[in-house]
Amino acid sequence: MGLAAAATTHKLMILGKPPKFSIKNPHNLFGKTLVFCSPNSPTHFNSLLCLRVNSVHSKSPSIRTHHPIQELLLLLVFSLTLLCFRLLSNALLPDFPLHWQRFIAFSRKAEAQTKSYPKHLWQAIVAYEDRRFFRHFGIDPVGIGRAVLSFSARGGGSTITQQLVKNTFLKNERTFSRKILEMVLALVLERTMSKQRILSSYVCKIYWGHGINGIESASKFYFGKHPSLLSLAESAMLTGLIPAPELRSPFRDHTRFQMARPSKPEF
């Protein structure tokens, strides 16, 4: 420190003004300024030593805030998703993707096979099994509401699409998770294929009694003819077998078989 600086400092101390030293280093790689204040500086609350470091180029780091409520909600959603996935997977048959691919191929073949079937056969099946089949989207809210309000022990409310899904992809366990999965798959199936293809797959796959699956085998077994030759009465009788084919079989109740046969003309 030179004589002039020493004299200035001495004068300030005599006048009661605390000296202030500032050291600026132009060669400082960090671009910082160091300022030293005296112990009597009023701007710093009489601190013994204040060191202020100002950085021109540095930025204050971002502060990460934690939201425990959001983290708890995410954890809860993840846990519920895993739980639902496990419950629903228990209702599916093993190798579900393979079953799905086989069913898609089967549905194309069934639609081509049933093109020659009479119109009254389709009308009888839809009228008896699912009257709103061509109007709903795989699930019938009206049917479900009616089944819930009636407290039917036999169930009810299932559409043709749901019955097809149940007989193709799901296990026979009567659980709530299986019913939910049945509805979900019915919605997916309705958006995968047309109504006519679903209906064709349904009649070609369901059980008709006496170890027979598919309407073509059922028609030949009960009437000895191809389904394209079925009459209105015969179509109605086959449709009536769907809910309980073994109990409603014409071989158990011969009156049903006689009613299905056309009467001979009288001369």
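Residues numbered from 1 in each chain as written. Predicted model: local features only at pLDDT ≥ 70, side-chain atom pairs only at ≥ 80, totals over all residues. Heavy atoms only, no water.

(A) Just the packing of aromatic side chains, in detail. If you walk through the whole model with that rule in mind, you get nine aromatic pairs. Between Y117 and W122 the ring centres are 5.9 Å apart and the planes differ by 25°, which places this aromatic pair in the stacked class. Accessibility classification places Y117 together with W122 in one group, the buried group. When the centroid spacing of 5.1 Å and the interplanar angle of 80° are considered together, the rings of F221 and Y222 count as edge-to-face. Overall, Y222 belongs to the buried group, its relative accessible area being 4%. A network of ring pairs unites the aromatic residues F96, W100, F103 and F169 as a single cluster. A cation sits over an aromatic face here: K195 above F133, 4.6 Å from the ring centre. (Phe/Tyr/Trp six-rings, centres within 6.5 Å; stacked < 30°, edge-to-face > 60°. Buried < 20%, exposed > 50% of the residue type's maximum accessible area, 1.4 Å probe, protein only. Lys NZ or Arg CZ within 6 Å of the ring centre and 35° of its normal.)

(B) Quick look at the pattern of salt bridges. Within the structure shown, the criterion is met by seven salt bridges. Residue D140 is joined to R132 by a salt bridge in which the shortest nitrogen-to-oxygen separation is 2.9 Å. Taking the relative accessible area as the measure of exposure, D140 reaches 6% and is therefore buried. A salt bridge links K225 to E234, with the nearest nitrogen and oxygen atoms 3.2 Å apart. Overall, the relative accessible area of 6% leaves E234 in the buried class. Through salt bridges with shared partners, a single ionic network connects R178, K179 and E182. (Salt bridge = Lys/Arg side-chain N within 4 Å of Asp/Glu carboxyl O.)

(C) Representation of the side chain of S107 within the structure. By secondary structure assignment, the location of S107 is in helix 3 (residues 96-113). Aside from chain neighbours lying at most four places away, what touches S107 is M193, R197 and S201. (Helix = DSSP H or I, 4+ residues; strand = E, 2+ residues; numbered from the N terminus. Contact = heavy atoms within 4.5 Å.)

(D) The nonpolar core, seen in detail. Grouped together as the largest cluster of nonpolar side chains are 37 residues, with contacts concentrated most on L189, Y202 and L238. Listed by contribution, the elements that provide at least two residues to this core are helix 3, helix 4 (119-129), helix 6 (160-169), helix 7 (176-190), helix 8 (195-205), helix 9 (215-223) and helix 10 (232-240). Ranked by residues supplied to this core, first place goes to helix 8 with five residues. Those residues in contact with L189 that sit more than four places away from it in its chain are W100, F103, T161, L164, V165 and I198. (Core = buried A, V, L, I, M, F, W, Y, C linked by side-chain atoms within 4.5 Å.)

(E) A look at helix 8. Burial runs high along helix 8: eight of the 11 residues are buried. Regarding helix 8, the residues found buried are K195, I198, L199, S200, S201, Y202, V203 and C204. Among the structural elements, helix 3, helix 4, helix 6, helix 7, strand 4 (207-209) and helix 9 are those in contact with the buried residues of helix 8.

(F) Focus on helix 3. Between its first and last C-alpha atoms helix 3 spans 25 Å; for 18 residues at 1.5 Å apiece the expected length is 26 Å, and the two agree. Taken residue by residue, helix 3 has W100, F103, I104, S107, A110 and E111 as its buried positions. The buried residues of helix 3 occupy an angular sector of 135° when projected down its axis, which confines them to one face. Residues Q101, R102, K109 and A112 are exposed on helix 3 and point more than 90 degrees away from its buried face. The inward-facing, buried residues of helix 3 contact helix 6, helix 7 and helix 8. (Expected span 1.5 Å × (residues − 1). Arc of directions from axis to C-beta.)

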